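Letter by letter, the chains look like this.
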Amino acid sequence: MEKPTVPEGFGLGLRYSFLEDVVPMEEGPSWFEIAPENWMGRGGYFRRKLERIRRDFPLVCHGLSLSIGSPDPLNLEFLRKVKDFLEEFGIEAYSEHISFCSVGGEYVYDLLPVPFTEEMVKHISKKVEEVQDFLERPIILENITYYYRPEGDLEEWEFINAVLEESGAFLLLDVNNVYVNSVNHGYDPYSFLDRIRTERVAYIHVAGHERLGRILVDTHGDKVKEEVEDLLIYALSKTGEVPVLLERDNRIPSYEELVKDLKELRDKCRYGSL
Ligand SMILES: [Fe+2]
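What you see is a predicted model, and the numbers here were worked out from it, not measured in a lab.

A. Layout of the coordination of the iron ion. Protein coordination of the iron ion is provided by E142 (OE), D174 (OD), H205 (ND1) and E247 (OE), with donor distances spanning 2.0 to 2.4 Å. Around the iron ion sit four donor atoms, and with donor-metal-donor angles ranging over 84 to 171° the site reads as irregular. Counting residues between consecutive donors of the iron ion along the chain gives the motif E-x31-D-x30-H-x41-E. Remark: H205 occurs in strand β9 (residues 201-206) and E142 occurs in strand β7 (residues 139-142); sequence separation between them is 63 residues. Residue classification places E142 among the buried positions, given a relative accessible area of 2%.

B. Representation of the sheet that holds strand β4 (residues 94-97) within the structure. An order of β1-β2-β3-β4-β7-β8-β9-β12 is seen for the eight strands of this closed barrel, with the pairing classed as parallel. Neighbour to neighbour, the strand axes of the sheet diverge by 30° on average, direction disregarded. Along the sheet, helix α3 (residues 118-135) makes contact with β4 and β7, crossing β7 at roughly 140°. Across the face of the sheet, helix α5 (residues 175-185) comes into contact with β7, β8 (170-174) and β9 while running at roughly 60° to β8.

C. Structural view of the packing of helix α2 (residues 76-88) against α3. It is the contact of α2 with α3, at a shortest axis distance of 10 Å, that shows an interaxial angle of 45°. If you check the angle between α2 and α3, you find them oblique. Crossing handedness for the pair α2 and α3: right-handed. The segment α2 lies against α3, with L76, L79, R80 and K83 engaging V131, F134 and L135. Residues of the contact of α2 with α3, tallied by class, amount to five nonpolar, no polar and two charged.

D. Representation of the pairing of β7. Alternating residues of β7 divide into I139 and L141 and I140 and E142, and every residue in both groups is buried. The pairing of β4 with β7 spans four bridges and is parallel. What sits directly across from S95, in β7, is I140. The sheet contact formed by β7 and β8 spans three bridges and is parallel. Bridge pairing links L141 to L171 in β8.

Reading the values: rules and limits
- Residues numbered from 1 in each chain as written.
- Predicted model: local features only at pLDDT ≥ 70, side-chain atom pairs only at ≥ 80, totals over all residues.
- Heavy atoms only, no water.
- Donors = N, O, S within 2.8 Å, 3.2 Å for Na, K, Ca; no water.
- Tetrahedral: all angles 85-135°; square planar, octahedral: opposite > 155°, others 65-115°.
- Helix = DSSP H or I, 4+ residues; strand = E, 2+ residues; numbered from the N terminus.
- Buried < 20%, exposed > 50% of the residue type's maximum accessible area, 1.4 Å probe, protein only.
- Pairing = 2+ DSSP bridges.
- Axes fitted to C-alpha atoms, helices over the stretch in contact; angles between N-to-C directions.
- Contact = heavy atoms within 4.5 Å.
- Parallel < 35°, antiparallel > 145°, perpendicular 65-115°, else oblique.
- Left-handed = near helix turned anticlockwise from the far one by under 90°.
- Nonpolar A, V, L, I, M, F, W, Y, C, P; charged D, E, K, R; others polar.

Written as C-alpha cells, this is what we have:
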C-alpha cells in the first residue's frame, strides 16, 4: 500500500482538558492526534467540540485497543466502528501499537509487549493485511515501551524491521520509547536508529518520561527530556522532515504551555536546515 498521508509539521495529542482553548494560531499545532476509542460513540458536548476542531485542523487517529499481537482474531465489530469514525471525520491516517491488550476477548488497559520472534512477525503481518483490507487504508505501527521482555530470539530493531517488511505497514517511530527502552534494556539508541528502516517512518512521536528508581517510565507526564530531543534531531536527519507529534497524557499543563513546548521543539528541530 502507498505511504499514508499524515498532515505535515508538528502536531499535538488532543486531550479533553484543553478542548475549549484550541484555536488556529501561527505558533500552535498544525494538526491533532486523537485516540478513536475516546471519541467514538460520544455525542453532545464532546462531539460538537471535535466537529469544530476538525473544521480547523487535520486529524490523525492513534488507536489503543486493536491488540494486533493477540492470539485472538481481530475484533471486526470494533474495527467497523473505527472505519465509520475515520470516514465520518475524514481522517486518513490510522496508527496503532506493536503490542497486545486482550486475550480470550478480555481487555486490559495496557499495551503489552509481544515476543520478538519470526512466528510473531508472521502472526502480526497476517493481521495487518486483514486490517488494511478491512479499513481500505494503510496502517502505521508504533514501537512501544516494555518493562519485561518476553522470550524471543530477535533483537527489537530486527523484529520491527521484519514486521515492516513482511506486513508492508509503515512505522510510527516513538523516539521517547526508543530512549526509555535503550536505558531499561541496555542498548545504544543511536545504533537502534541506524538499523531501523527509517524510510518506512510515516511520523514520529515524542513525549516526556520520568525516572522511577532504577528504571525510566514512559509517563507522558513531563516535558520532553534533552536526551530525547537530541535523539529526535538525529532521527529526523535520517527520515527527512516527517511529521512530529508531541504526546502529553499526565499532569497536562495549560494549552498555552503545551503550545510553548511545541514551539520550542519545532525551533530545536530546525526544519528546512536538516
Ligand atoms: Fe507514542
